[in-house]
Amino acid sequence: MREELSGMSRKGATGYEMHIIGEVITNLFKNRVLTLTSIFSIVVMLILVGVFGVFLLTLSYNSEYMDDMLEIRIFIDPEADDYRVSAVEEALLDDGRIEYIAYISKEQAFENVKELYPEEILEGLGSDFLPASFTVRLREDTDAGNFVAFAENLNDVYRVDYHSRSFDFASNLSNWVNIVAGSLSILLGLLSLFLVSNTIKLTMAGRSDEVIIMKFIGATESRIKMPFIMEGITIGFIGALIASLIMSYGYNRFFNWFGTEGSGEIFLSGLRLVPVKESVLMIYLVFFGISIVLGILASQMAIRRHLKV
Amino acid sequence: MINFSNVTMVYRSGCEALKNVDLEIARGEFAFVIGPSGSGKSTMIKLIMKEEEPTGGELFVNGQDVRDIHRYDIPYFRRKIGVVFQDFKLLKNKTAYQNVAFALRMTNTKPRQIRKMVPQLLSVVGLLGKSNEYPTEMSGGEQQRVALARAIAHNPDLLIADEPTGNLDPDTSLEIMNLIYKINQMGTTVLVATHDKTIVDAFRRRVIVLHEGRIVRDVPEGRYGV
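This one's a predicted model, so the numbers in the text were calculated from it and none came from an experiment. (Residues numbered from 1 in each chain as written. Chains lettered and ligands numbered in written order. Predicted model: local features only at pLDDT ≥ 70, side-chain atom pairs only at ≥ 80, totals over all residues. Heavy atoms only, no water.)

Q: Where do I start with the sheet that holds strand 10 (residues 214-219) of chain B in this structure?
A: The strands that make up a sheet are held in pairs by hydrogen bonds between backbone atoms, and each pair lies either parallel or antiparallel. Residue and element names in this part refer to chain B. With respect to topology, six strands assemble into an open sheet ordered 6-7-8-3-9-10, the strand pairing being mixed. The open sheet has two free edges, formed respectively by strand 6 (81-84) and strand 10, since each of these has just one partner strand. Across this sheet, the average inter-strand angle for adjacent strands is 20°, counted without regard to direction. Inspection of the sheet shows strand 6 paired to strand 7 (residues 158-162) by four bridges, in the parallel sense. By the bridge assignment for strand 7, Ile81 is matched with Leu158. In the packing of helix 5 (residues 140-151) onto the sheet, the strands contacted are strand 6 and strand 7, and the crossing angle to strand 6 comes to about 170°. (Pairing = 2+ DSSP bridges. Helix = DSSP H or I, 4+ residues; strand = E, 2+ residues; numbered from the N terminus. Axes fitted to C-alpha atoms, helices over the stretch in contact; angles between N-to-C directions. Contact = heavy atoms within 4.5 Å.)

Q: Honestly, the packing of helix 3 (residues 96-105) of chain B against helix 5 of chain B in this entry has me stumped. Any pointers?
A: What describes two packed helices is the angle between their axes and the distance between those same axes. Residue and element names in this part refer to chain B. At a minimum axis separation of 8 Å, helix 3 and helix 5 run at an interaxial angle of 25°. By the angle between their directions, the pair helix 3 and helix 5 is classed as roughly parallel. Between helix 3 and helix 5 the crossing geometry is right-handed. Contacts from Ala96, Asn99, Val100 and Ala103 in helix 3 reach Val146, Ala149 and Arg150 in helix 5. (Parallel < 35°, antiparallel > 145°, perpendicular 65-115°, else oblique. Left-handed = near helix turned anticlockwise from the far one by under 90°.)

Q: What is the right way to look at the side chain of Ser133 of chain A in this model?
A: Residue and element names in this part refer to chain A. By secondary structure assignment, the location of Ser133 is in strand 3 (residues 133-138). By relative accessible area, which is 1% here, Ser133 ends up buried. In terms of polar contacts, Ser133 uses its side chain to reach the side chain of Arg73, at 3.3 Å. Leaving out residues up to four positions away in the same chain, Ser133 has contacts with Arg73, Ile74, Phe75, Ile76, Ala102, Tyr103 and Ile104. (Buried < 20%, exposed > 50% of the residue type's maximum accessible area, 1.4 Å probe, protein only. Polar contact = N/O pair within 3.5 Å; in protein donor to acceptor, adjacent residues only side chain to side chain.)

Q: Which parts of the structure should I look at to understand the environment of Leu158 of chain B?
A: All names here are of chain B. Mapped onto the fold, Leu158 is located in strand 7. In this structure the C-alpha to C-alpha distance between Leu158 and Leu191, which are 33 residues apart in sequence, comes to 7.7 Å. Not counting residues up to four positions away in its chain, the partners in contact with Leu158 are Met1, Ile2, Ile48, Lys80, Ile81, Gly82, Thr188 and Thr189.

The values are spatial; any link to function lies outside them.
Here it is, written out as structure tokens:
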């Protein structure tokens, strides 16, 4: 018997890992109130992160559109001939603040408009009804105010468009979203950490005898700690799954609404939403990443404070 | 097997649990450690199990200086020591079979080997017929037998029994001690910490007496009071 008793090894799985999964589910069910509370807090936190994350993602996705807001459009009097148009261009170039300048002729402008509106609306119209224009980017955006005033005073310039206010608004909004979302997410994250850690602490208290036995029979630290870490991961995983399903369903609905009614709204026109597949993939990756890390951290917290191995 | 060399243990509270203890227990030996509560018996066991480290002196267990055992090697060190407790410390939601198997499963023993070894271990302690019973369905003596089977599952070099008969009646106590003695006869060094005068006198083995942290008597074939 002595020879046969030496069947131990330092390595190798014995099905204990599968056994742990069953024990984890049993323990979570035993403390189901606290388990559900922990999962709920994770879901709320992740949805908050998700909503603001999608908002920021959308802003980033539309960065080209945002860049366009920094461009200055200088519209030339439709009566001006080529000579007068050249004079305006020369005056603009002489200013020295311009990084680049592009001329859009009446014909080009008409072609651009044809892409935006159905044919029947433009029937009978020619390119003459549209003015030629210059699109200008400055070296320094801070000069924009002065430059616009300068351009407005030029002969044959009848209008100058600059969407700085829209860009500033979007930029400020983005900053505020970062601050508010970030703070709320951190608070909710800490709350979730606390709740998950407490759930695991409760399990440890209920299994203190088992832990003592495991210590004395020579179970390794990782073997003793593994069930509790798995518990934290499981709570995180379930929270992420629920939050992902809610977010992806919600975004899908919003995306469909946007494609029908939403794009008619003035403030939304020109804005593009991140395609559903791209968004949903990002949502799942981020949610599962955050919640599993949170689960592991929470269980480590509980173990460090209440489990002496 | 166990070598205490001028070992002192002072807890953080300032309590001096062991004072300049010199003790040697040879491989294969059977020894009782007796003494009143607070004499240092539990501390001695904790030091041997590497639950605590001595504050002074040297302690060697199975040829190893316990101070040199790295944290990650402690589990492997403990696998060579079997322990039974006064309150048995069985898992109430597991049968006798499962309690013994648990100890083997925790230490990476393959399932096929577990299925072979557990019946053998339960046979050694005379409980093969009770494999499927839960601790609550067993007597105190039977539970302690299961605990013994679990303690020897890893073929330990040393078996420590901390008040193994504390919750048992005299007849059952004697049965358990006979079993422990049988394990000793198979080559395992045995150290029994006890208050039980009856069994100490019945077995007439080495008796080490502790009092206020010191060894006051160490006789080869001792009795409790003499």
